[in-house]
Amino acid sequence: MNYVVDSYENYKEENRLTTNNARRIEFVTTTRVLDEIIDTKSKILDCAAGTGIYAFWFADKGHDVTATDITPSI
């Protein structure tokens with residue numbers, strides 16, 4: 001497990017989905033699909049949330065979100 005933590009500590013995960021339009025496609029596609037199937041004001045558990053880009057997006061939409069990750073950085 002230390003390998004995973006070390007990898008994320010030395011990688012800018014928070015930039016992965018926002019650094020350019022090609023990478024942003026994953027975020028836009030994922031949120032669009034999930035938005036179609038998740039009811040309004042749902043309770044969401046985001047396991048392996050990383051920096052929380054999806055958790056924050058859903059929370060901003062009014063969902064009750066709990067997020068967790070094994071890495072100490074956010």
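The model shown is predicted, which means the values in this text are computed figures rather than measured ones.

A.B. asks: How would you explain unusual backbone geometry if you had to name every residue and give the values?
C.D. replies: Here the phi dihedral of lysine 41 falls at roughly 60°; this positive angle occurs in a residue that is not glycine. Position of lysine 41 among the secondary structure elements: in the loop between helix 3 (21–37) and strand 1 (43–47). Look at lysine 41 and you get exposed, because its relative accessible area is 57%. A positive phi angle, near 60°, is found at alanine 48, a position not held by glycine. Summarising the element assignment, alanine 48 is placed in the loop between strand 1 and helix 4 (53–60).

A.B. asks: So what's going on with the pattern of salt bridges? Which residues, and what values?
C.D. replies: Oppositely charged side chains may form a pair once their charged atoms are brought near each other. Here the structure, examined in full by the defined rule, presents one salt bridge. Aspartate 35 is paired through a salt bridge with lysine 61; the nearest N and O atoms lie 3.3 Å apart. Within this pair, whereas aspartate 35 is found in helix 3, its partner lysine 61 is found in the loop between helix 4 and strand 2 (64–68), the two being separated by 26 residues in sequence. Given the relative accessible area of 37%, lysine 61 is considered partly exposed.

A.B. asks: Account for the packing of aromatic side chains, with residues named and values stated.
C.D. replies: Two numbers describe a pair of aromatic rings. These are the distance of the centres and the angle of the planes. On inspection of all chains with the given rule, the structure shows three aromatic pairs. Ring centres 6.2 Å apart and planes at 90° place the aromatic pair phenylalanine 27 and tryptophan 57 in the edge-to-face group. Of the two residues, phenylalanine 27 is situated in helix 3 and tryptophan 57 in helix 4; the sequence distance between them amounts to 30 residues. A connected cluster of aromatic rings, assembled from ring pairs, spans Phe27, Tyr54, Trp57 and Phe58.

Reading the values: rules and limits
Residues numbered from 1 in each chain as written. Predicted model: local features only at pLDDT ≥ 70, side-chain atom pairs only at ≥ 80, totals over all residues. Heavy atoms only, no water. Helix = DSSP H or I, 4+ residues; strand = E, 2+ residues; numbered from the N terminus. Buried < 20%, exposed > 50% of the residue type's maximum accessible area, 1.4 Å probe, protein only. Salt bridge = Lys/Arg side-chain N within 4 Å of Asp/Glu carboxyl O. Phe/Tyr/Trp six-rings, centres within 6.5 Å; stacked < 30°, edge-to-face > 60°.

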